[in-house]
Amino acid sequence: MDQRLETRKGGETLAERAYRLLEERIVTLKLAPGAWVTEQELASQAGLGRTPVREAVQKLIGEGLVIVYPRRGMLISDISPIDVFQALDTRMALERLQARDAALRGKPAERKMALEYAGKMRSFCKSGGDAAIDDYLAMDNAADALLATAASNPFTSKALQPLQSISRRAWFRFCRDADLASAATLHADLLDAVAEAQAERAAAAAGDLVEHVRDAIRAGLRAG
């Protein structure tokens, strides 16, 4: 049986799981920029078969996180400041749109979950270290997925996903330790606005978050 057609586990197909695991390893630099990799190595790291990993890799290639060089192999892309800031410029408009839509269209269960996520985000303001950063990134991903679902616009969410990965990786590389509390607080403010169906407040909060991420990455780059 094609592994993509196997029963979903935890709400995701094996290909989706492979993408999630490999994207996380790229964002957190476990798959370092400039590293050469093979499909077999990626399958081993994901703990999955070649079929779902091959599909995940195609998506990562399309998002610019993996580059294929014929007859040489696959390379984890470098972090380009130009690409990062262009991604953030584009992300600004899309995040505002998605936040507004999520606040307007979110179902009661989604609003309740947004409130719960806001509380979890604020808990990161009181903690630190690698474990807290890993938990924050997982919650960041979960919040992005929640907002995408609540907004009910697949075109926005599809366009946002690679932009979020690009900026999340740069945030992890340049400013994660110094910026955890501030970023978590801004995420919580956004989630609160969505939970309370405050559309314009949600859009403004999304804009504030992206602007903050841009400033934090810029400061991290200057600090070296």
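## Description of the sheet that holds strand 2 (residues 66-69)
Item 1. With antiparallel pairing, the three strands of this open sheet are ordered in space as 1-3-2. The open sheet has two edge strands, strand 1 (36-37) and strand 2, and neither has a second partner.
Item 2. In the sheet, strand 1 pairs with strand 3 (residues 73-76) via two bridges, with the strands oriented antiparallel. Residue pairing across strands places V37 opposite M74, the latter belonging to strand 3.

## Digging into the packing of aromatic side chains
Item 1. Under the defined criterion, the tally for this structure stands at three aromatic pairs.
Item 2. Note on W36 and Y69: the rings are 5.6 Å apart at their centroids and 55° apart in plane angle, and the pair reads as tilted. Note that W36 is positioned in strand 1 and Y69 in strand 2, a separation of 33 residues in sequence.
Item 3. The partly exposed category is assigned to W36, whose relative accessible area is 41%.
Item 4. The exposure class of Y69 is partly exposed, given its relative accessible area of 31%.
Item 5. Look at F124 and Y136: their rings are 6.0 Å apart centre to centre, the planes differ by 90°, and that puts the pair in the edge-to-face class. You can see F124 sitting in the loop between helix 5 (108-123) and helix 6 (129-151) and its partner Y136 sitting in helix 6, a full twelve residues away along the chain. Take F124 and Y136: they sit in the same class, and that class is buried.

## Quick look at unusual backbone geometry
When glycine is set aside, most residues are seen to have a negative phi, and most peptide bonds are trans.
Item 1. In this structure, S152 takes a positive phi of about 55° despite not being glycine.
Item 2. Mapped onto the elements, S152 comes out in the loop between helix 6 and helix 7 (154-174).
Item 3. The backbone of A197 shows a phi angle near 60°, a positive value even though the residue is not glycine.
Item 4. Structurally, A197 is set in the loop between helix 8 (176-195) and helix 9 (199-223).

## Topic: the environment of R173
Item 1. Looking at the secondary structure, you find R173 in helix 7.
Item 2. Considered as a pair, R173 and G220 are 47 residues apart in the sequence and their alpha carbons are 8.6 Å apart.
Item 3. Residue contacts for R173: discarding those within four places in its chain leaves L29 and I79.

## Observations concerning helix 3 (residues 50-62)
Item 1. With 13 residues, helix 3 should cover 18 Å at 1.5 Å per step; its first-to-last C-alpha distance of 18 Å lies within 8% of that length.
Item 2. Taken residue by residue, helix 3 has P52, V53, A56, V57 and L60 as its buried positions. In a view along the axis of helix 3, the buried residues occupy a sector of 140°, so they form one face of it. The exposed set on the far side of helix 3, more than 90 degrees from its buried face, consists of Q58 and G62.
Item 3. Packed against the buried residues of helix 3 are helix 1 (14-27), helix 2 (39-46), strand 2 and strand 3.
Item 4. Positioned one or two residues after helix 3, G64 has a phi angle of 80°, which is positive.

## Focus on the confidence of the model for the chain
Item 1. Per-residue confidence for the chain averages 91 on the pLDDT scale, and 95% of its residues sit at or above 70.
Item 2. Element-level pLDDT for the chain is lowest in helix 6, with a mean of 91, against a maximum mean of 97 in helix 4 (residues 81-105).
Item 3. Note on residues 1-9: pLDDT is under 50 here. Beyond four places in sequence and across chains, it has 14 contacts.

## Details of the packing of helix 1 against helix 7
Item 1. Running from N to C, helix 1 and helix 7 cross one another at 35°; their axes reach a closest spacing of 9 Å. Residues Y19, E23, I26 and V27 of helix 1 pack against Q161, S165, R168, R169 and F172 of helix 7.

## Some points on the pairing of strand 2
If a strand is regular, its side chains alternate between the two faces of the sheet.
Item 1. Inspection of the sheet shows strand 2 paired to strand 3 by four bridges, in the antiparallel sense. The residue of strand 3 that forms the bridge with Y69 is G73.

## A word on the nonpolar core
Item 1. One finds M121, Y136, W171, L190, L191 and I217 to be the most contacted residues of the largest nonpolar core, which totals 46 residues.
Item 2. Mapped by element, the contributors of at least two residues to this core are helix 4, helix 5, helix 6, helix 7, helix 8 and helix 9.
Item 3. When residues no more than four places from it in sequence are discounted, the contact partners of I217 are V84, F85, L88, S167, A170, W171, F174 and C175.
Item 4. Formed by 19 residues, the second largest nonpolar core is a distinct cluster that contains L14, L22, L42 and A43.

Scoring rules and cut-offs
Residues numbered from 1 in each chain as written. Predicted model: local features only at pLDDT ≥ 70, side-chain atom pairs only at ≥ 80, totals over all residues. Heavy atoms only, no water. Pairing = 2+ DSSP bridges. Helix = DSSP H or I, 4+ residues; strand = E, 2+ residues; numbered from the N terminus. Phe/Tyr/Trp six-rings, centres within 6.5 Å; stacked < 30°, edge-to-face > 60°. Buried < 20%, exposed > 50% of the residue type's maximum accessible area, 1.4 Å probe, protein only. Contact = heavy atoms within 4.5 Å. Expected span 1.5 Å × (residues − 1). Arc of directions from axis to C-beta. pLDDT = per-residue confidence, 0-100. Axes fitted to C-alpha atoms, helices over the stretch in contact; angles between N-to-C directions. Core = buried A, V, L, I, M, F, W, Y, C linked by side-chain atoms within 4.5 Å.

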